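# Notes for the structure review
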Amino acid sequence: MSDNLIEFNNISKFFGSVIALKDVTMHIKRGQIMCLLGDNGAGKSTLIKTLSGVHKPDEGEIIVEGKKTIFDSPRDALDMGIATVYQDLALVSLMSVTRNFFMGREPTKGFGPFKTFDINRANTIASERMGQIGIDVRDPSQAVGTMSGGERQCLAISRAIYFGAKVLILDEPTSALGVHQASVVLKYIVKAAASGLGVILITHNVHHAYPVGNSFTILNRGKSMGTFEKKNLSREKLLGMMAGGEELDKLEVELKEIDRIAKN
Amino acid sequence: MSTKSKSIQNKSSDERLRKVSKLKVLLNRPELGALGGSILVFIFFGIIAGDTGMFSAYGTINFLEVSANLGIIAVAAALLMIGGEFDLSVGSMIGFAGICIAIPAIYWGWPLWMSILFAFSMAVLVGYANGILVVRTGLPSFIVTLAMLFILRGATLAITRLITGRTQVPGLRVLVEDDPIAWIFSADAFQFVFTWLGSLGLIELRQDGTPLATGIPASVIWWIAMTIFATWLLMKTRYGNWIFASGGDKLGARNVGVPVGRVKISLFIGTAVAATVYACVQVLDAGSADTMRGFLKELEAIVAAVVGGCLLTGGYGSAIGAAFGALIFGTVSMGIYYTDVDTDWFKVFLGVMMLIAVIFNNYIRRRVTENK
């Protein structure tokens with residue numbers, strides 16, 4: 001058995017005649033952060049949805065801890081410990097931190113029809129968990145709407161971990177955040193990986209991905225351009241590979257051309 | 001001990017930590033507006049009509065009964081509104097339920113208790129239909145239940161006229177007395193207290209020596225019981241958390257495993273059942289069913305829920321608030337008779353109150369979500 005937590009081998013996904021993904025292969029190890037990079041339309045969303053059980057792959061296999069698996073639903077993936085934190089975070093801003101943390105999975109006490117939501121225990125766990133990542137929840141009954149974007153992101157990740165995630169799929173966790181907030185979230189992601197989780201970090205921001213990632217998979221037009229270990233890859237090379245490099249060179253040439261015509 | 005106090009000190013020296021006073025916590029409660037409004041209304045009528053008999057036992061029972069009738073449906077409407085949906089068919093459901101009790105009991109010879117159970121099962125059916133239509137089609141509940149408003153009212157009228165040839169079905173009073181369950185909706189509670197108070201001469205009596213107010217009406221008991229139950233449900237159970245989640249962010253809630261569809265359908269059943277409770281109380285009290293019963297009640301229930309702090313967009317509100325909203329409504333609608341003010345102005349007051357409440361709620365929502 002390999003030390004891969006999860007393997008995606010030659011995954012393809014077609015929508016009618018459109019090839020959304022073709023032969024994408026990725027391996028995620030315990031304690032590692034794998035960054036999935038790609039421009040808009042590269043197939044990142046489709047890949048996430050395939051990983052998290054929303055879509056079924058048309059070709060290829062998914063192997064979780066050595067066992068070949070088919071996810072029938074997002075619930076299936078979740079039960080296997082593959083948790084996805086989407087960009088909308090699935091947080092309700094009018095509800096309290098605690099009520100959000102345990103949304104859908106509330107701890108209860110009592111019996112039968114008198115079973116109640118054990119709000120005290122929930123409060124304790126929520127503030128404890130948030131405290132562990134350095135967010136001092138002053139009052140766990142405060143509304144999530146009062147938290148900053150970074151704190152919300154951390155809450156969503158912390159919730160996924162608390163409910164038994166082994167593999168975390170994070171969809172653009174830093175895209176809406178400022179520099180400081182983003183670094184708080186990235187720090188937390190590194191900590192989560194260090195505790196033994198496998199992390200798939202989806203982003204198009206090389207500057208966020210490069211410092212934290214152990215390996216990098218670059219997606220372009222539905223195909224994987226390969227997975228690279230950090231030691232074999234410089235930041236510049238990564239930037240260049242992210243569709244940007246070549247395109248920007250071309251753009252520069254074109255701009256010069258326009259400039260030249262305008263002058264004449 | 002010392003470490004504990006030290007950690008507290010550390011905490012309070014945190015630059016990001018702000019002391020939040022008890023008052024501020026209270027200010028963020030959804031029911032605050034309705035509670036404050038109720039107090040204001042009582043002060044107002046205490047001054048204006050304090051010596052008119054409005055606050056005698058009989059007068060109090062009178063305005064409590066009006067409040068209670070509305071409160072029964074307002075509490076259910078509030079839960080549904082927190083769950084992110086409206087039910088405009090509540091008023092029509094009241095009329096429909098009344099007919100469902102009266103026609104089988106009078107024309108088909110069913111025992112009254114069986115007619116009552118029949119009405120409740122019809123309510124579950126109507127609520128389920130509303131719920132499944134909204135959940136399956138994804139259409140706004142405003143439209144779906146508006147359609148149901150007309151369907152039910154029309155059906156009530158058509159069926160009643162078809163079977164009875166009239167729009168009213170009287171003659172239920174005699175059936176109430178021997179029925180095993182009708183008392184749940186019609187009996188006055190704590191009669192002995194009122195008789196005792198009457199014998200002491202503390203409350204007004206009739207000519208024959210019995211007290212004018214004979215007891216606490218069943219509707220008031222229902223109102224209080226339903227408010228307590230709904231509050232318990234909202235604040236203390238998993239289901240309550242699901243209601244908030246379904247109304248706050250449907251997709252988010254679904255993504256983390258909240259059965260949003262089931263929650264909404266059950267809430268629609270809740271409003272229809274509450275409408276039937278209302279119908280039972282009214283029909284058994286009056287001894288007759290009327291096809292127009294409950295007309296416009298759906299809007300009054302929404303007013304009460306909104307005054308009680310429910311956001312129209314869902315995800316926020318309280319059952320206690322809705323109960324107080326109903327209390328304001330009942331107190332003013334009855335109290336106005338004790339003043340010199342023309343009763344025509346009541347609707348104006350209602351509209352203004354709702355406007356103020358909505359503006360106030362909006363402000364509260366911003367406070368809650370924008371870290372002020």
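Owing to the predicted nature of the structure, the values given are computational and were not obtained by experimental measurement. (Residues numbered from 1 in each chain as written. Chains lettered and ligands numbered in written order. Predicted model: local features only at pLDDT ≥ 70, side-chain atom pairs only at ≥ 80, totals over all residues.)

Here we take up the overall build of chain A. Broken down by element type, chain A carries nine helices and twelve strands. Its C-alpha atoms give chain A principal-axis dimensions of about 80 × 45 × 35 Å. Partitioning the intrachain contacts of chain A with sequence separation of at least 6 by distance along the chain shows that 68% fall at a separation of at least 24. (Helix = DSSP H or I, 4+ residues; strand = E, 2+ residues; numbered from the N terminus. Contact = placed C-beta atoms within 7 Å.)

Looking now at the overall build of chain B. For chain B, the helix and strand inventory stands at 17 helices and two strands. For 372 residues, the compact-globule estimate of 2.2 N^0.38 gives 21 Å, and the C-alpha radius of gyration of chain B, at 23 Å, lies within 12% of that figure. In terms of overall dimensions, chain B has a C-alpha envelope of 75 × 55 × 45 Å along the principal axes. The buried share among the 372 residues of chain B stands at 48%. Within chain B, residue pairs in contact and separated by at least 24 positions form 79% of the contacts whose partners lie at least 6 positions apart. (Rg over C-alpha atoms; globule rule 2.2 N^0.38 Å. Buried ≥ 20, exposed ≤ 12 C-beta atoms within 10 Å, placed from the backbone.)

Here we take up the packing of helix 6 (residues 112-137) of chain B against helix 14 (residues 260-286) of chain B. In the contact formed by helix 6 of chain B and helix 14 of chain B, the axes pass within 7 Å of each other and the chain directions differ by 145°. Crossing hand, helix 6 of chain B versus helix 14 of chain B: right-handed. (Axes fitted to C-alpha atoms, helices over the stretch in contact; angles between N-to-C directions. Left-handed = near helix turned anticlockwise from the far one by under 90°.)

It is worth spelling out the environment of Ala 225 of chain B at this point. Residue and element names in this part refer to chain B. Mapped onto the elements, Ala 225 comes out in helix 11 (residues 218-236). For Ala 225, a count of 12 C-beta atoms within 10 Å puts it in the exposed group. Along the primary structure Ala 225 and Ile 72 are separated by 153 residues, whereas in three dimensions their C-alpha atoms are 9.3 Å apart.

Glancing now at the interface of chain B and chain A. Taken together, the 24 residues of chain B in the interface contact 21 residues of chain A. When residues of the side of chain B that touches chain A are traced back to their parent elements, those giving at least two are helix 12 (238-248), helix 13 (250-255) and helix 17 (346-369) of chain B. Top element by residues in the side of chain B that touches chain A is helix 12 of chain B. It accounts for six residues.

Let us now look at the pairing of strand 12 (residues 223-229) of chain A. Residue and element names in this part refer to chain A. Across five bridges, strand 11 (residues 215-220) lies against strand 12 in antiparallel orientation. For Ser 215, the partnering residue across the bridge sits in strand 12 and is Glu 229. Between strand 11 and strand 12, which follow one another and run antiparallel, lie two residues, and Arg 221 among them has a positive phi close to 50°. (Pairing = 2+ DSSP bridges.)

Predicted confidence across chain A gives a mean pLDDT of 85, with 97% of residues reaching 70 or more. Per-residue pLDDT, averaged within each element of chain A, yields its smallest value for helix 8 (residues 235-241) of chain A (78) and its largest for helix 3 (residues 97-101) of chain A (92). (pLDDT = per-residue confidence, 0-100.)

Residues and elements named next belong to chain A. For helix 5 (residues 149-162), spanning 14 residues, the distance from its first C-alpha to its last is 20 Å, which sits close to the expected 20 Å at 1.5 Å a residue. Along helix 5, eleven of the 14 residues are buried, which leaves the element largely enclosed by surrounding structure. Buried residues in helix 5 make contact with strand 6 (82-85), helix 3, helix 4 (119-132), strand 9 (167-171) and helix 6 (179-194). In the segment just after helix 5, Gly 164 is the residue with positive phi, at about 90°. (Expected span 1.5 Å × (residues − 1).)

Residues and elements named next belong to chain B. With their axes 8 Å apart at the nearest point, helix 5 (residues 90-107) and helix 7 (residues 141-164) run at an angle of 20° to one another. Relative to helix 7, the element helix 5 is oriented roughly parallel. In the crossing of helix 5 with helix 7, the sense of the turn from one axis to the other is left-handed. Contact residues: Gly 91, Ser 92, Met 93, Gly 95, Phe 96, Ile 99, Ile 103 and Tyr 107 in helix 5; Leu 149, Leu 152, Arg 153, Ala 155, Thr 156, Ile 159, Thr 160, Ile 163 and Thr 164 in helix 7. Across the contact of helix 5 with helix 7, the residue classes tally to ten nonpolar, six polar and one charged. (Parallel < 35°, antiparallel > 145°, perpendicular 65-115°, else oblique. Nonpolar A, V, L, I, M, F, W, Y, C, P; charged D, E, K, R; others polar.)

All names here are of chain A. Assigned domains within chain A: domain 1 (4-93 + 160-233) and domain 2 (95-142). Centre-to-centre separation of domain 1 and domain 2, based on C-alpha positions: 28 Å. Opposite the five residues of domain 1 that make contact, domain 2 presents five residues. By residue class, the composition of the side of domain 1 that touches domain 2 is five nonpolar, no polar and no charged. (Domains from an automatic or database assignment.)

This paragraph deals with the environment of Val 283 of chain B. All names here are of chain B. The residue Val 283 is located in helix 14 in this model. Separated by 166 residues in sequence, Val 283 and Leu 117 have C-alpha atoms that sit 14 Å apart. When sequence neighbours within four positions are dropped, the list of residues in contact with Val 283 reads Gly 98, Ile 101, Ala 102, Leu 172, Ser 288 and Ala 289.

Residues and elements named next belong to chain B. Within the secondary structure layout, Leu 327 lies in helix 16 (residues 319-335). In this structure Leu 327 comes out as buried when scored by C-beta crowding, with 28 C-beta atoms within 10 Å. Taking the C-alpha atoms as reference, Leu 327 lies 8.2 Å from Val 66; in sequence the two are 261 residues apart.

Leu 168 of chain A together with Val 75 of chain B are the most contacted members of the largest nonpolar core, which has 187 residues in total. Per element, the largest residue contribution to this core is 17 residues, and it comes from helix 14 of chain B. Two domains each put at least three residues into this core: domain 1 (4-93 + 160-233) and domain 2 (95-142) of chain A. Leu 168 of chain A has contacts with Ala 83, Val 85, Ile 157, Ala 160, Ala 192, Leu 197 and Val 199 of chain A, leaving out every residue within four places of it along the chain. (Core = buried A, V, L, I, M, F, W, Y, C linked by C-beta atoms within 7 Å.)

Residue and element names in this part refer to chain B. The end-to-end C-alpha distance of helix 6 is 37 Å, a good match for the 38 Å that 26 residues give at a rise of 1.5 Å each. Restricting attention to buried positions, one finds in helix 6 the residues Leu 112, Ser 115, Ile 116, Ala 119, Ala 123, Val 126, Gly 127, Asn 130, Gly 131, Val 134 and Val 135. Buried residues along helix 6 sit in contact with helix 5, helix 7, helix 8 (173-178) and helix 14.

We now examine unusual backbone geometry. Residue and element names in this part refer to chain A. One non-glycine residue with positive phi stands out, namely Asn 10, at about 50°. Here Asn 10 shows up in strand 1 (residues 4-15). Residue classification places Asn 10 among the partly exposed residues on the basis of 14 C-beta atoms within 10 Å. Phi at Asp 23 takes a positive value of approximately 50°, unusual for a residue other than glycine.

So, about the confidence of the model for chain B. Residues and elements named next belong to chain B. Confidence in the prediction of chain B, expressed as mean pLDDT, is 87, and 92% of residues score 70 or more. In the model of chain B, helix 1 (residues 2-12) stands out as the element of lowest mean pLDDT, 39, in contrast to helix 6, which has the highest, 96. The ipTM value of the predicted complex is 0.80, and its pTM value is 0.85.

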